Amino acid sequence: MNLKSDLSAGPPAAAGAPAARKLNAKQRKAIVAGTIGNTVEWVDWALYSIFAKIIADEFFPKGNGAVALLSTLAVFAVGFVMRPVGAAVLGAYADRRGRKKGMTLTVALMAGAGFAIAITPSYEQIGLLSPLLLLVARLVQGFSAGGEFGSSSAFLVESAARGRRAFAGSWQQVSVAGGVLIASLLGTLTTSTLSDEALHSWGWRVAFVLGGLLGLVGLWLRVSVEDTESFTESQDSGRTRTNPVKAMFVEHPAATLRVVGITVAGTLTYYIWVNYLPTYANLTTGIPLKTALLSQTLCLLVFVIALPFAGLLSDRIGRKPTMAAFAGGFVVLAWPLLHLLGDSFWSLFPVQLVGMLLILGYSSNCAVIMAEQFPAEVRATGIALPYALAVAVFGGTAPYVTTWMHESGHSGLLWIYVSVASLISLVVYLTMPETKDKEFK
């Protein structure tokens, strides 16, 4: 498959459907700008989970490592509480004022909070004020992340040619995974090159500073792009809603519930496999963190490269079969994958790789399938808010729940948690309407 030609050429048209249009230069520029801006924003978000054990030592009282780590993960989870708030406020802002303004605001908030984490003194230096400042920074990041998904997803999908919507939307997740990949690289480099003392005293802070600087690059990129035609046409025709949140619930209740169901399995498996598995494997098997991070980095590289191709596959065969393959795969494989985790690179790498390959079916589709549920006047809100609610419940709590299960001696039951969530979403995928050829405004 030639990615370059697929950027400009559409797939064969379905029977009775108009032929796909090519992506023009403006559309390609919008996808590039949206992707890079989102990538650098997610570096800061991912760094927190990668350095969770070190942050636990720095921001909480020493003496009980398990309690400190659980406290750190609780702050991680609390950050997700703000995601629905950010989704409602910033999603509505993007529906009323434009995708560009919404994305510019989110990246500024995320970068500023990343800098704040980097410079916050440790618990030994300022006591309880240290975890309180950490909490505030994570709340701001959660607020930003809540609005980011809706704004950037709407922007990318609305910037696409017909017949290339999943391909364009897949770059939203390319950017998320790309941010995690950069964060993982920073984690791998710092843990591999610095002494334990240097890593704890200043090394992890340098990673957050670099993440904040990349956020400023994302801010500059987002200022330079134009807004989408879908938004400007909606605004010019007077379809803009003064209260997009109310309009979403009142006018599109079925679509709102469907987005929640779509998200359940995707967010749970994503936060376990893509974000937290290195720390979880280190806790449960004793594998060195630097070895686990190396596995994560290599798997993420494969994942990022494969995502646009998975989007192209969805544009050819549909959203339902590709998403059903993801959820059905985890229903069947969750038990063997989690029971194969060991304390070596080669026992972790295949487990992580197979899981990430399955997640392609969700990540390549989530932006486009959610965007296709709503009209332009409530699209950013409709994507952001129900998604953020599901992520807060199932994604934000995933690291805490998995760590608690380990500390309570129930690690062997984690596969049931994953399988049940996957089964719920599988039912949604199999019963939802196919939207690949749906008219889109």
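Definitions and cut-offs
- Residues numbered from 1 in each chain as written.
- Predicted model: local features only at pLDDT ≥ 70, side-chain atom pairs only at ≥ 80, totals over all residues.
- Heavy atoms only, no water.
- Core = buried A, V, L, I, M, F, W, Y, C linked by side-chain atoms within 4.5 Å.
- Buried < 20%, exposed > 50% of the residue type's maximum accessible area, 1.4 Å probe, protein only.
- Helix = DSSP H or I, 4+ residues; strand = E, 2+ residues; numbered from the N terminus.
- Contact = heavy atoms within 4.5 Å.
- Phe/Tyr/Trp six-rings, centres within 6.5 Å; stacked < 30°, edge-to-face > 60°.
- Axes fitted to C-alpha atoms, helices over the stretch in contact; angles between N-to-C directions.
- Parallel < 35°, antiparallel > 145°, perpendicular 65-115°, else oblique.
- Left-handed = near helix turned anticlockwise from the far one by under 90°.
- Expected span 1.5 Å × (residues − 1).

*Asks:* Any chance you could explain the nonpolar core here in plain terms?
*Replies:* Generally speaking, nonpolar side chains in soluble globular proteins are found buried as a group. Counting residues in each nonpolar core, the largest one holds 121 residues, and the members touching the most others are Phe51, Ile262, Trp273, Phe303, Tyr362 and Met370. Broken down by element, this core gets its largest block of residues, 15 residues, from helix H12 (residues 253-285). Residues within four places of Ile262 in sequence aside, it is in contact with Met323, Tyr362, Ile369, Met370, Ser425, Val428, Tyr429 and Met432. Among the nonpolar cores identified, the runner-up in size contains five residues, and Ala30, Ala33, Met103 and Phe155 belong to it.

*Asks:* Would you take a moment to explain the packing of aromatic side chains for this structure?
*Replies:* Each aromatic ring pair is specified by the distance between its two centres and by the angle formed by the two planes. Across all of its chains, the model carries twelve aromatic pairs by this definition. Consider the rings of Phe345 and Trp346, whose centres lie 4.9 Å apart with planes at 90°: the pair is edge-to-face. In this structure Trp346 comes out as exposed when scored by relative accessible area, which is 64%. Measuring from centroid to centroid gives 5.8 Å for Trp346 and Phe349, while their planes differ by 80°, and the two rings are edge-to-face. One end of the pair, Trp346, and the other, Phe349, are both in helix H15 (residues 345-363), three residues apart, so they sit about a helical turn from each other. Under the relative-accessibility criterion, Phe349 is labelled buried at 16%. Clustering of aromatic rings is evident, with ring pairs tying together Trp273, Phe326, Phe330, Tyr362 and Tyr429.

*Asks:* When you look at the packing of helix H5 (residues 99-119) against helix H9 (residues 196-223) in this model, what are you seeing that I'm missing?
*Replies:* For any two helices packed against each other, one specifies the inter-axial angle together with the distance between the axes. Their axes nearest at 8 Å, the elements H5 and H9 cross at an angle of 165°. Here H9 runs roughly antiparallel to H5, going by the angle between their axes. Considering only the axes of H5 and H9, their crossing is left-handed. Note on element contacts: H9 touches H5 through Trp204, Arg205, Phe208, Val209, Gly212, Leu213, Gly215, Leu216, Gly218, Leu219, Arg222 and Val223, opposite Lys100, Met103, Thr104, Thr106, Val107, Ala108, Ala111, Gly114, Phe115, Ile117, Ala118 and Ile119.

*Asks:* How should I be thinking about helix H8 (residues 165-193) in this particular structure?
*Replies:* For an α-helix, 3.6 residues make a turn, and residues three or four places apart therefore share a direction. Across its 29 residues, H8 extends 42 Å between first and last C-alpha, which sits within 8% of the 42 Å expected from 1.5 Å per residue. A large share of H8 lies buried, amounting to 24 of its 29 residues.

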